[in-house]
Amino acid sequence: MSVIASISVPASAFPFGSILESDLEGPLTIETQVPTSEAVIPYLWVPGSATETVLETIEAQSTVKSATRIDSIGDHDLLKIEWATAVNGFLAAIREHDAIVTSGNGSGDRWTFQLRFPAYEDLSSFYTDCLDRNISLELVQLHEAVDPERNDQFGLTVPQRELVVAAYERGYFDVPRATTLVELGEELDISDSAVSQRLRRGLESLVDSTLAIDSETSSGPVGRNPHDR
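We now turn to the structure provided with this report. (Residues numbered from 1 in each chain as written. Predicted model: local features only at pLDDT ≥ 70, side-chain atom pairs only at ≥ 80, totals over all residues. Heavy atoms only, no water.)

With respect to the overall build of the chain
Part 1 of the reasoning: In terms of helices and strands, the chain carries 6 helices and 8 strands.
Part 2 of the reasoning: From first element to last, N terminus to C terminus, the chain shows the α and β order β-β-β-α-β-β-α-β-β-α-β-α-α-α.
Part 3 of the reasoning: Looking at the chain as a whole, 41% of its 229 residues qualify as buried.
Part 4 of the reasoning: Across the chain, every contact between residues at least 6 apart in sequence was considered, and the portion connecting residues at least 24 apart equals 66%.
Part 5 of the reasoning: In the structure as shown, the chain presents an accessible area of about 12400 Å², 48% of it carried by carbon and sulfur atoms. (Helix = DSSP H or I, 4+ residues; strand = E, 2+ residues; numbered from the N terminus. Buried < 20%, exposed > 50% of the residue type's maximum accessible area, 1.4 Å probe, protein only. Contact = heavy atoms within 4.5 Å. Areas by Shrake-Rupley, 256 points an atom, 1.4 Å probe, with all protein chains shown as cover.)

Regarding the pairing of strand 4 (residues 64–73)
Part 1 of the reasoning: Bridge count between strand 4 and strand 5 (residues 76–83): 8 bridges; the pairing is antiparallel. Bridging from a neighbouring strand, Thr 68 pairs with Lys 80 of strand 5.
Part 2 of the reasoning: Between strand 4 and strand 5, which pair antiparallel one after the other, the connecting turn spans 2 residues, and Gly 74 there sits at a positive phi close to 65 degrees. (Pairing = 2+ DSSP bridges.)

Describing helix 1 (residues 51–59)
Part 1 of the reasoning: The complete set of buried residues in helix 1 reads Thr 51, Val 54, Leu 55 and Ile 58. The buried residues of helix 1 occupy an angular sector of 100 degrees when the element is viewed end-on, so they sit on one face.
Part 2 of the reasoning: Contact partners of the buried residues in helix 1: strand 3 (43–47), strand 4 and strand 5. (Arc of directions from axis to C-beta.)

Points about the packing of helix 2 (residues 89–96) against helix 3 (residues 120–132)
Part 1 of the reasoning: One can describe the packing of helix 2 onto helix 3 by two numbers: an axis separation of 10 Å at closest approach and a directional angle of 155 degrees. Taken together, the axis directions place helix 2 and helix 3 in an arrangement best described as roughly antiparallel. The way helix 2 lies across helix 3 gives a crossing that is right-handed. On the side of helix 2, the interface is formed by Phe 90, Ala 93, Ile 94 and Glu 96, while helix 3 contributes Phe 126, Asp 129 and Cys 130.
Part 2 of the reasoning: Partitioning the contact of helix 2 with helix 3 into residue classes produces 5 nonpolar, no polar and 2 charged. (Axes fitted to C-alpha atoms, helices over the stretch in contact; angles between N-to-C directions. Parallel < 35°, antiparallel > 145°, perpendicular 65-115°, else oblique. Left-handed = near helix turned anticlockwise from the far one by under 90°. Nonpolar A, V, L, I, M, F, W, Y, C, P; charged D, E, K, R; others polar.)

Things to note about the side chain of Gln 114
Part 1 of the reasoning: With respect to the helices and strands, the residue Gln 114 is situated in strand 7 (residues 110–117).
Part 2 of the reasoning: A polar atom in the side chain of Gln 114 sits 2.8 Å from the side chain of Thr 102. (Polar contact = N/O pair within 3.5 Å; in protein donor to acceptor, adjacent residues only side chain to side chain.)

Some thoughts on the packing of aromatic side chains
Centre distance and the angle of the planes are the two values used to describe a pair of aromatic rings.
Part 1 of the reasoning: Enumeration according to the criterion identifies 5 aromatic pairs in this entry.
Part 2 of the reasoning: Look at Phe 90 and Phe 113: their rings are 5.1 Å apart centre to centre, the planes differ by 45 degrees, and that puts the pair in the tilted class. Residue Phe 90 is located in helix 2, and its partner Phe 113 is located in strand 7; the two are separated by 23 residues in the primary sequence.
Part 3 of the reasoning: With 6.0 Å between their ring centres and 65 degrees between their planes, Phe 90 and Phe 126 make a pair best called edge-to-face. (Phe/Tyr/Trp six-rings, centres within 6.5 Å; stacked < 30°, edge-to-face > 60°.)

These figures come from the coordinates and say nothing about function on their own.
Structure, rendered in structure tokens:
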């Protein structure tokens, strides 16, 4: 089964790291895409106010062949990056170990990526390769990819998913609320106290399996060391 790892690396380990030395209004964000070639991280969202500076900085790097603005949405621009044939370091490790970049953002002095590997063995090889290349990386979070046919998507149990969906559909999260915990409990035939606890745990699991995995942390590695498998 494939495994998803959230990994944090120093900005200096990533070609875009030097861009963050300038005063940007917001983080740089990698555009998620379905891989159709060997290209690694070809798209990047940047604050529109800093686009020209970012383009100049990127194009000045020897690892980049070209960088162009291809779209603008709101106050952000989408840049397309064409890398030189011979990438090295962190990008080379991603390519060589069949990792898929599902998200990534840079802010301050670090970048955080969510990488998907075919198996734990591939993650372990990637981890070892990065250390051999003197790339300091921190494993923030690790979990197995969920089969879309299973009922425990996003870390939710079946009862938790049923309740979260019911709360959403009945307007519990609306302002003002269109239903109450008591009414949800009556509908699902459980007590209002059980509804409260189940909803809280369900939302906690949902956030932990989605939003939290993209957040940077300074508390050290979370989850299993890739060499434990």
